[in-house]
Amino acid sequence: MTLEVLYFVWLRERVGTGRETVETGAATVADLVAELRARGEGHAAAFADTRAVRVALDQELAGFDAPLEGVREVAFFPPMTGG
Amino acid sequence: MAVRVQAAPFDFGAECGAFAAGRRDAGAVVTFAGVVRDDPAPGGALVALEIEHYPGMTERAIAAMVAEATARWGLCDCLVIHRHGRLAVGEAIMMVATAAPHRADAFAAAEFLMDYLKSRAPFWKKEIGAEGTAWVAARAEDEAALDRW
């Protein structure tokens, strides 16, 4: 499947881009993260500690165990600091 | 009900006036503004705050919060404005206004929206100081504040 993967804040800074198209067979978010880590040093640094990373699937918050079937957009970002 | 996510400044006083004007349904209007505080930043004083957000998800997440608050506290009306981009010290970052028949509901709904905007709306703050920048880390107490709802 083809996914649009978005990175925000320091994940974007470490990966070096805010968006990339990824061709993957990953079943879950955790599987996708394992694949992304292998893309290079920047990706590995972004996902060094996933306790500090939140994920949204098609703009809804989700867990790392969430399935990717039917998903088009995956976003990774740190805990939010609005308000 | 209105949600506005924008880079441009807004006039807090004018927004409050317009929100409260001409109401016959609400006995209570509560308004809150979040303002850029002069916190320490890399190199000394804060020069500015840079707010990043996730266009699309931001509007969806806030609309869902507003819908929940409206249903839970029987709001007559509700307004949320949240800015992004570069903000100077003293500028308003965001505001919430709620209108309800009675004040307890208007206050509770405003506090609920504030707590959720802080930890569940995809905004991130970066402090810009004289000698560098730093992303603001989320605080455990802000996350814990959601438990009371």
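Just above sits the structure.
Thresholds, definitions, all that
- Residues numbered from 1 in each chain as written.
- Chains lettered and ligands numbered in written order.
- Predicted model: local features only at pLDDT ≥ 70, side-chain atom pairs only at ≥ 80, totals over all residues.
- Heavy atoms only, no water.
- Helix = DSSP H or I, 4+ residues; strand = E, 2+ residues; numbered from the N terminus.
- Buried < 20%, exposed > 50% of the residue type's maximum accessible area, 1.4 Å probe, protein only.
- Contact = heavy atoms within 4.5 Å.
- 1 Å grid on protein atoms, 1.4 Å probe; cavity = no way out; pocket = protein on both sides within 12 Å on 5 of 7 lines; lining within 4 Å.
- Points joined across faces, edges and corners; volume = space filled by probe spheres on them.
- Nonpolar A, V, L, I, M, F, W, Y, C, P; charged D, E, K, R; others polar.

> What is the right way to look at the side chain of T58 of chain B in this model?
Residues and elements named next belong to chain B. With respect to the helices and strands, T58 occurs in helix α2 (residues 57–73). Residue classification places T58 among the buried residues on the basis of a relative accessible area of 0%. Other than its neighbours up to four places away in sequence, T58 contacts V5, H53, P122 and F123.

> Help me understand unusual backbone geometry in this model?
Generally, phi is negative for residues other than glycine and the peptide bonds are trans, each holding for most cases. Residue and element names in this part refer to chain A. Phi is positive for V9, which is not a glycine, with a value near 60°. Structurally, V9 can be placed in helix α1 (residues 9–15). In this model, D58 sits at a positive phi of 50°, which is unusual for a non-glycine residue. You can see D58 is positioned in the loop between β3 (54–57) and β4 (60–62).

> Please explain the layout of surface pockets as it appears in this structure.
Empty space among the atoms can be located by rolling a probe the size of a water molecule over them. Each pocket or cavity is described by its volume, and for the largest pocket that value is around 520 Å³. If you go around the largest pocket, you meet 23 residues; those closest to its centre are G82 and G83 of chain A together with R37, K118 and K125 of chain B. Elements represented by at least two residues in the lining of the largest pocket include exactly β2 (28–35), β4 (44–53), α3 (103–120) and β8 (123–129) of chain B. Grouping the constituent residues of the lining of the largest pocket by class yields eleven nonpolar, five polar and seven charged.

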